[in-house]
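Architecture and fold: a report
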Amino acid sequence: MRPALPAVLDRTHERLFVAGYAWVQTRSEAAGMRSVRRSLVAEAAGRVLEVGAGTGLNLDHYGAAVDELVLVEPAAAMRDALRASRTGGPAVRVLDGTGEALPADDASVDTVVGTFVLCSVADPGAVLSEVARVLRPGGTYLGLEHVRAADRRVARAQRLVAPGWRVLARGCRCDQDAVALVRSSPLTLESTSSFRGPRQPWPVRPGVRLVARRP
Ligand SMILES: C[S@@+](CC[C@H](N)C(=O)[O-])C[C@H]1O[C@@H](n2cnc3c(N)ncnc32)[C@H](O)[C@@H]1O
């Protein structure tokens, strides 16, 4: 769990985090993250649910194969940014909700997208179980996550800064092993590939692209 703050401080922290996140991500997108996102999201098709959609950095990449797009996001400031950033494309609904209790029926979704979100949710195992519940059999989970570095010295440094980073970045666990989480979930992991995490702050580099399927 993220350390609790009084409500008024929490709202201010959320607004500051959204502004800071948008600033960091603008630089990262320009340095190459945009094409990492585009190649992942291009695989989304049919009825698509994006969990923890944030400020909407994936929205431009959903293509003609998407019939319907549901964006689930618990942070009010992120939902405001999401509504503002939508420019066109498939029918979109923005819903208040969490990954631990996805607002969708069993086996009702063709693709779930989650980018840099397993790090921030309270219970990543519960979220992956929910993803498996809402996906139809054979449906696809498309993910990008930052992960614990393979270099032991960097991994140790990530572990050292993790408690402070968690407070600063609203619960983000910078030293999490996202691949192991998906492997131990009800989903079948189909492929992983690494990316550098261009111009991301060092505790949240490197990254991994994940494709998994509901059996
Ligand atoms: C690091 S941001 C990533 C945002 C976006 N997916 C992206 O790729 O830029 C993490 C997001 O997860 C959201 N989040 C936090 N806890 C969550 C939960 N329990 N369920 C769903 N989303 C959550 C945050 O509000 C935030 O939008």
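Everything numeric in this text was worked out from a predicted model, so none of it was measured. (Residues numbered from 1 in each chain as written. Predicted model: local features only at pLDDT ≥ 70, side-chain atom pairs only at ≥ 80, totals over all residues. Heavy atoms only, no water.)

Regarding the packing of aromatic side chains
Inspection of every chain in the model, using the stated rule, returns two aromatic pairs. Judged by centre distance (6.3 Å) and plane angle (85°), the ring pair of Phe-116 and Phe-195 falls under edge-to-face. Of the two residues, Phe-116 is situated in the loop between strand E4 (109-115) and helix H3 (124-134) and Phe-195 in strand E6 (residues 188-195); the sequence distance between them amounts to 79 residues. On the basis of relative accessibility, which here comes to 14%, the residue Phe-116 falls in the buried class. The ring of Trp-23 carries Arg-27 above its face, with NZ or CZ at 4.8 Å from the centroid. (Phe/Tyr/Trp six-rings, centres within 6.5 Å; stacked < 30°, edge-to-face > 60°. Helix = DSSP H or I, 4+ residues; strand = E, 2+ residues; numbered from the N terminus. Buried < 20%, exposed > 50% of the residue type's maximum accessible area, 1.4 Å probe, protein only. Lys NZ or Arg CZ within 6 Å of the ring centre and 35° of its normal.)

Topic: the environment of Thr-111
Note on placement: Thr-111 falls in strand E4. Residue classification places Thr-111 among the buried positions, given a relative accessible area of 3%. When the C-alpha atoms of Thr-111 and Val-24 are compared, they prove to be 27 Å apart, with 87 residues separating the residues in sequence. If we skip the residues at most four places from it in the chain, Thr-111 touches Ala-44, Ala-45, Arg-47, Val-48, Leu-49, Leu-135, Thr-140 and Leu-142. (Contact = heavy atoms within 4.5 Å.)

Some words on the packing of helix H1 (residues 7-41) against helix H2 (residues 76-85)
As a packed pair, H1 and H2 sit with axes 8 Å apart at the nearest point and diverge in direction by 45°. On the basis of their axis angle, the class for H1 and H2 is oblique. Contacts between H1 and H2 involve Glu-14, Arg-15, Phe-17, Val-18 and Tyr-21 on the former and, on the latter, Ala-76, Ala-77, Met-78 and Asp-80. Residues that form the contact of H1 with H2 fall into these classes: six nonpolar, no polar and three charged. (Axes fitted to C-alpha atoms, helices over the stretch in contact; angles between N-to-C directions. Parallel < 35°, antiparallel > 145°, perpendicular 65-115°, else oblique. Nonpolar A, V, L, I, M, F, W, Y, C, P; charged D, E, K, R; others polar.)

Quick word on unusual backbone geometry
That bond from Arg-205 to Pro-206 is cis: its omega, -10°, falls within 30 degrees of zero. Mapped onto the fold, Pro-206 is located in the loop between E6 and strand E7 (207-213). Here the phi dihedral of Ala-107 falls at roughly 50°; this positive angle occurs in a residue that is not glycine. Position of Ala-107 among the secondary structure elements: in the loop between strand E3 (91-95) and E4. Residue classification places Ala-107 among the partly exposed residues on the basis of a relative accessible area of 38%. Phi angles above zero are rare outside glycine, and Arg-170 is one such case at about 50°. Here Arg-170 lies in the loop between helix H4 (152-168) and helix H5 (178-183). Relative accessible area serves as the criterion here: at 10%, Arg-170 is assigned to the buried category.

Topic: the state of the cysteines
Applying the stated criterion across every chain, the model contains zero disulfides. In this structure Cys-174 is a free cysteine whose sulfur lies 6.4 Å from that of Cys-172, the closest cysteine sulfur available. When its relative accessible area of 0% is taken as the criterion, Cys-174 is described as buried. (Disulfide = S-S within 2.5 Å.)

Focus: the sheet that holds E6
Pairing between the strands of a sheet comes from backbone hydrogen bonds, and it takes one of two forms, parallel or antiparallel. A sheet is described by the order of its strands in space; here seven strands give the open sequence E3-E2-E1-E4-E5-E7-E6, paired in mixed fashion. In this open sheet, the two edge strands, each paired with only one partner strand, are E3 and E6. Within this sheet the neighbouring strands show an average axis-to-axis angle of 15°, counted without direction. Here strand E5 (residues 135-146) runs beside E7; their pairing, made up of seven bridges, is antiparallel. Counted as the bridge partner of Gly-143 is Leu-210 from E7. Each of E4 and E5 is contacted by H3, which is oriented at about 145° to E5, the strand it contacts most. (Pairing = 2+ DSSP bridges.)

With respect to a nonpolar patch on the surface
A cluster of nonpolar side chains, Leu-5, Val-8 and Leu-9, forms an exposed patch at the surface whose accessible area comes to about 270 Å². If you trace the backbone, Leu-9 turns up in helix H1. (Patch = residues over 30% accessible without salt bridge, like charges linked within 9 Å, V, L, I, M, F, W, Y side chains within 5 Å. Areas by Shrake-Rupley, 256 points an atom, 1.4 Å probe, with all protein chains shown as cover. Salt bridge = Lys/Arg side-chain N within 4 Å of Asp/Glu carboxyl O.)

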